[in-house]
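# Commentary on secondary and tertiary structure
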Amino acid sequence: EHSVMAIAGAAGPSIEMARLLRVQFEHYQKIEGEPLELEGKANTLSGMIRQNLPAAMQGLVVLPIFAGYDRRRRIGRVWKYEITGARFEEQEYDSVGSGSIFAKESLKKRWKAGANRDEVLSMAVEALTDAADEDRATGGIDVLRGIYPTMKLCTARGIEDVPDTEIAGVYQRLLGSRR
């Protein structure tokens, strides 16, 4: 309810890892009577990535970003992982995938701590657009086909899906500013 994962790499193992992670979190909550702390969730994912190392050595790499709202500390947190399962907590933002260097550079220019919803969505859409402009493997927004990224906001209230109509509006404003 208060954590999300973005993936880069082999889709099949990544999706399966996300499903197993959810089941483990739900199982923990049923057994303990309360949800696993965010730090514990990040550690659990680290172990799953480590277990995937033999498959990763055969090309089925899973590189996620894990983020969430830490209800105990009352802050948002984000971790990146490497192929061996090592995890590194980032202080502000991160990106993953073949276009991540371009997305991260875009975020670096626009990052603003304490940004409101519109600013956050604008930063994310611009970072994705910049990455898609420079990297063929990064899927961008396709207005003609109605293809938009899956975007979620994670706050103290929980996870919220951002509707495509809102993403489309942010993207249109971005295009307008670039004209």
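Check the entry above for the structure.
Residues numbered from 1 in each chain as written. Predicted model: local features only at pLDDT ≥ 70, side-chain atom pairs only at ≥ 80, totals over all residues. Heavy atoms only, no water.

### Here we look at helix α1 (residues 11-32)
For clarity, the threshold we go by: Going along the chain from the N terminus, every DSSP run of H or I of four or more residues is numbered as a helix, and every run of E of two or more is numbered as a strand. Given a helix with a known number of residues, its expected span is that number minus one, times 1.5 Å. Working rule for contacts: check all heavy atoms of both residues, and any pair within 4.5 Å makes them a contact.
Between the first and last C-alpha of α1 there are 31 Å, a value that for 22 residues agrees with the 32 Å anticipated at 1.5 Å per step. On the buried face of α1, the contacting elements are β1 (3-9), α2 (38-51) and β2 (62-70). Looking one or two residues beyond α1, the residue adopting positive phi is Gly-33, at roughly 85°.

### Concerning helix α4 (residues 100-110)
Rules: Think of it in three bands: residues with accessible area under 20% of the maximum for their type are buried, residues over 50% are exposed, and the middle band is partly exposed, with areas taken using a 1.4 Å probe on protein chains only. Directions from the helix axis toward the C-beta atoms define the arc.
Taken together, the buried positions of α4 are occupied by Ser-100, Ala-103, Ser-106 and Leu-107. Around the axis of α4, the buried residues are gathered within 125° of arc, so they sit on the same side. Residues of α4 that are exposed and angled more than 90 degrees away from the buried face: Ile-101, Lys-108 and Lys-109. At its buried positions, α4 is contacted by α5 (117-134).

### A look at the pattern of salt bridges
Here is the rule: Whenever Lys or Arg places a side-chain nitrogen within 4 Å of a carboxyl oxygen from Asp or Glu, that contact is recorded as a salt bridge.
Counted by the stated rule, this structure contains 18 salt bridges. Across the pair Glu-126 and Arg-178 runs a salt bridge whose closest N-O atoms are separated by 3.7 Å. Taken together, the residues Glu-126 in helix α5 and Arg-178 in helix α6 (residues 164-178) connect sequence positions 52 residues apart. Taking relative accessible area as the criterion, Glu-126 reaches 15% and is therefore assigned buried. What emerges from the salt-bridge pattern is a single network uniting Glu-39, Asp-70, Arg-77, Arg-87 and Glu-89.

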